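Spelled out, the chains give:
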Amino acid sequence: LFEIPDSWKLVRLGDLVSILGDGLHGTPEYSKEGEYYFINGNNLDNGTIVIKNNTKRVSVKEYNKYKKPLTETTVFVSINGTLGNVAFYNNEKIILGKSACYFNLLNGIDKNYIKIILESKYFIDYALRLATGTTIKNVSLRSMRYLPISLPHLNEQKRIVEKVDGLMQLCDQLESQVKENQKNAESLMNSV
């Protein structure tokens, strides 16, 4: 599919996980007093699960009925409707809806490296090419398992993550500077 350095491997996402699945295909019984949240792909944002004001709650009974084997290595990605939103599991009290896929990474895989891939144009193009549905796009779990990934050694994964983080910080600084310059130019124009 593409050239990679000799020390890298071309693998499938399914080769890097102990489990890969999606959430509940249906509606749980909601409870206003419930302490668990029913999340979907729209609750995933830049590595974090976001509980919104309209996020429904469920009881412990519903949680026990629909819970998934989530760990500190769990990654979520939206695969229905909005594609490519990513979050990591951080012991939140949640059950998962069908618009999100979850997988538990094996040892030796940096979840931030996988996040970079899942948020990239490469993944979005792959997902859109294989998605079904005309109005609401849906990526199958099979397509997720077969996602090709170029995989360096763990140390290289970490270096790539650090480099991308540094570049993103630089982009944020440049964007902030551009906004400041625009603000100053508008102020100057208004004073003329």
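This write-up is about the structure you can find in this document. What you see is a predicted model; the values in this text were computed from it and never measured. (Residues numbered from 1 in each chain as written. Predicted model: local features only at pLDDT ≥ 70, side-chain atom pairs only at ≥ 80, totals over all residues. Heavy atoms only, no water.)

Remarks on the sheet that holds strand E3 (residues 36-39)
Taking strand neighbours across the sheet as the criterion, the 3 strands line up as E6-E3-E9 in an open arrangement whose pairing is mixed. A single partner strand is all that each edge strand has here, and the edge strands are strand E6 (57-58) and strand E9 (94-96). Here E3 runs beside E6; their pairing, made up of 2 bridges, is antiparallel. Paired with Tyr 37 across the bridge in E6 is Arg 57. (Pairing = 2+ DSSP bridges. Helix = DSSP H or I, 4+ residues; strand = E, 2+ residues; numbered from the N terminus.)

Some thoughts on helix H2 (residues 111-118)
When we look at burial in H2, the residues that qualify are Tyr 113, Ile 114, Lys 115, Ile 117 and Leu 118. Among the residues of H2, the N-terminal cap falls to Asp 110, whose side-chain oxygen and the backbone nitrogen of Asn 112 are separated by 2.7 Å. (Buried < 20%, exposed > 50% of the residue type's maximum accessible area, 1.4 Å probe, protein only. Polar contact = N/O pair within 3.5 Å; in protein donor to acceptor, adjacent residues only side chain to side chain.)

Structural notes on the nonpolar core
In summary, soluble globular proteins display a tendency toward joint burial of nonpolar side chains. Ranked by size, the top nonpolar core spans 31 residues in total, and within it Val 77, Phe 103, Ile 114, Leu 118 and Met 144 carry the most contacts. Of all elements in the fold, only strand E2 (17-22), strand E7 (74-80), strand E8 (82-88), strand E10 (100-105), H2, helix H3 (121-130), helix H4 (141-145) and strand E11 (148-151) reach the threshold of two or more residues within this core. Counting residues per element, this core draws most heavily on H2, at 4 residues. With residues up to four places along the chain from it excluded, the contact list for Ile 114 reads Leu 16, Phe 103, Leu 105, Ile 109 and Ile 149. Ranked by size, the runner-up nonpolar core spans 12 residues in total, among them Ile 39, Leu 44, Ile 49 and Ala 100. (Core = buried A, V, L, I, M, F, W, Y, C linked by side-chain atoms within 4.5 Å. Contact = heavy atoms within 4.5 Å.)

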